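In case you want the letters, here they are:
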Amino acid sequence: MTDIKTKLYQMFILGTEGGEYFHALKNGLGGVIFFTKDISSVEQFKTLVKDVKSNSLISPFLSIDQEGGRVERTENIHNGKKYLSQKFAYEKGENFLKTQTACIAKELKSYGINLNFAPCIDVNTNPNNPIIGERAFSNKTEDVIKGEKIVTETYRDNGIIPCVKHFPGHGDAGSDSHLTLPVIAMDFAELKKYHIAPFEAAIKNNIEMIMVAHLYVPYFEEKIIPTSLSKNAIGYLRNTLGYNGIIISDDMVMKGVAKFGDIEACEMGIRAGLNMFIYRNSDKKTINIIETIAKKAESDIELRSNIEKSYELILKLKQEKRI
């Protein structure tokens, strides 16, 4: 019988910064995310991935952000050669996009990676957006929907789990959620038509995982609560769009969410229905968040129940993908 603490650990994907991830893996950590600083050579990276896997109580998600362009974590081992960003790859045509995605997938697979936080399916409607730009396939919704289908299917065909991001759409934001909490105050009919539509299409294509952004959307919450911690935003994905896969947060150390408190923000996310969290660190502070909530969940029925549901969803995906 798996205890509640192990089940809660499964809900976290941690980075290597702080070094506590090896201890966490033995407690059932759900996965590890790798950044550029973790990757200095092909052999070194393969060894690191292998070590993570062999030290895991439960087979982990071995994850990365590898979109191409400015979000490319393997740049240190590419000898200056870079993949094109989603925008430029899409503009070169469907065949190019498919071929490049297959190259990315095969490369990741060769290192032992099984989950890529891509594609980015934001629609870049705000030309002054400081964070999306060429990371988006296009500023047109129909192009983003086309690009998403090609990329996610190519990842699947090559044994990589895709994760679309950043629900409900970061493309109209005028600020960067790494630094602050952007406000998306547009009319909801417009938001749905232009920005939520790609997520709706991805759900129809059975997307395995959706990342929720740290954005404030007044339609979902009167109080200033990020979509990543919002019962209404996550409920919209579940109840209105009928999504039954894994819902994961963007990095929880980003300023757009960090000010809500370490333990408090995480607990809010679990109660709102988030299934997984990304933390770029695995320091003692991050481990303390998990341990504190695990203790609370022993006597908190709602918290416990949400952890149980998430654990089942995570194991289901891992079993389906033979991780």
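Before any of the text, the structure's been laid out above.
It should be emphasised that the depicted structure is a prediction, and the values quoted were computed from it without experimental measurement.

Chemist: Kindly report on the packing of helix 5 (residues 94-111) against helix 6 (residues 141-157), identifying the contributing residues and their values.
Modeler: For the pair helix 5 and helix 6, interaxial distance at closest approach is 9 Å and the crossing angle is 35°. Of the two elements, helix 5 crosses helix 6, and the hand of that crossing is right-handed. Between helix 5 and helix 6, the residues in contact are Glu-94, Leu-97, Lys-98, Thr-101, Ala-102, Ile-104 and Ala-105 and Lys-146, Gly-147, Ile-150, Val-151, Thr-154 and Tyr-155, respectively. Of the residues in the contact of helix 5 with helix 6, the class split is seven nonpolar, three polar and three charged.

Chemist: Lay out the pairing of strand 11 (residues 276-281) with the relevant residues and their values.
Modeler: Most of strand 11 is tucked away: five of the six residues are buried. Relative to strand 11, strand 1 (residues 12-17) runs parallel, the two being bridged by four bridges. Directly across from Phe-12, in strand 11, lies its bridge partner Phe-277. As paired strands, strand 10 (residues 246-251) and strand 11 are joined by two bridges and run parallel to one another. When the sheet's bridge partners are listed, Ile-248 is paired in strand 11 with Met-276.

Chemist: Could you give an account of the side chain of Glu-20, naming the residues involved and the relevant values?
Modeler: The residue Glu-20 is located in the loop between strand 1 and helix 2 (21-26) in this model. The exposure class assigned to Glu-20 is buried, which follows from its relative accessible area of 17%. Within the structure, Glu-20 has its side chain in polar contact with the side chain of Lys-284 (distance 3.0 Å).

Chemist: Could you give an account of the pattern of salt bridges, with specific residues and numbers?
Modeler: Charged atoms that come close allow side chains of opposite charge to pair. One pass over the structure, following the stated rule, counts 24 salt bridges. Note that Glu-308 is salt-bridged to Lys-7, the shortest N-O span being 2.7 Å. Placement of Glu-308 in helix 12 (residues 301-320) and of Lys-7 in helix 1 (residues 4-9) is noted, with a sequence separation of 301 residues between them. Its relative accessible area of 9% is what places Lys-7 among the buried residues. For the salt bridge of Glu-208 with Arg-156, the shortest nitrogen-to-oxygen distance reads 2.7 Å. Pair noted here: Glu-208 is in the loop between helix 7 (188-204) and strand 9 (209-212) and Arg-156 is in helix 6, with a separation of 52 residues, a long-range link. Residue classification places Arg-156 among the partly exposed positions, given a relative accessible area of 25%. Overlapping salt bridges, with partners in common, bring together Lys-231, Glu-267, Arg-271, Lys-296, Asp-300 and Glu-302 in one network.

Chemist: Report on empty space enclosed by the protein, specifying residues and quantitative values.
Modeler: Counted under the stated rule, the structure contains one cavity of 30 Å³ or more. Considering only enclosed or pocket space, the largest cavity measures out at about 70 Å³ in volume. Of all the secondary structure elements, the ones that give two or more residues to the lining of the largest cavity are strand 4 (66-68), helix 4 (86-91), helix 5 and helix 6. Taken together, the residues of the lining of the largest cavity sort by class into nine nonpolar, five polar and one charged.

Chemist: Can you explain the sheet that holds strand 10? Please cite residues and give values.
Modeler: An order of 7-6-3-2-1-11-10-9-8 is seen for the nine strands of this open sheet, with the pairing classed as parallel. On the outer flanks of this sheet lie strand 7 (161-162) and strand 8 (164-167), each paired with one strand and no other. Sheet topology note: the strand 9/strand 10 ladder contains four bridges and is parallel. When the bridges of strand 10 are listed, Ile-210 appears paired with Ile-247.

Chemist: So what's going on with helix 7? Which residues, and what values?
Modeler: Taking 1.5 Å as the rise per residue, helix 7 with 17 residues should run 24 Å; its terminal C-alpha atoms sit only 21 Å apart, a clear shortfall. Considering bend angle alone, the principal kink of helix 7 is centred on Ile-196 and spans about 60°; proline Pro-198 follows within four residues of it. Those residues of helix 7 that sit buried are Phe-188, Leu-191, His-195, Ile-196, Ala-197, Pro-198, Phe-199, Ala-201, Ala-202 and Ile-203. In this structure Asp-187 caps helix 7, since a side-chain oxygen of it lies 3.2 Å from the backbone nitrogen of Ala-189.

What counts and what doesn't
Residues numbered from 1 in each chain as written. Predicted model: local features only at pLDDT ≥ 70, side-chain atom pairs only at ≥ 80, totals over all residues. Heavy atoms only, no water. Axes fitted to C-alpha atoms, helices over the stretch in contact; angles between N-to-C directions. Helix = DSSP H or I, 4+ residues; strand = E, 2+ residues; numbered from the N terminus. Left-handed = near helix turned anticlockwise from the far one by under 90°. Contact = heavy atoms within 4.5 Å. Nonpolar A, V, L, I, M, F, W, Y, C, P; charged D, E, K, R; others polar. Buried < 20%, exposed > 50% of the residue type's maximum accessible area, 1.4 Å probe, protein only. Pairing = 2+ DSSP bridges. Polar contact = N/O pair within 3.5 Å; in protein donor to acceptor, adjacent residues only side chain to side chain. Salt bridge = Lys/Arg side-chain N within 4 Å of Asp/Glu carboxyl O. 1 Å grid on protein atoms, 1.4 Å probe; cavity = no way out; pocket = protein on both sides within 12 Å on 5 of 7 lines; lining within 4 Å. Points joined across faces, edges and corners; volume = space filled by probe spheres on them. Expected span 1.5 Å × (residues − 1). Bend = angle between axes of the 7 residues up to and from the residue.

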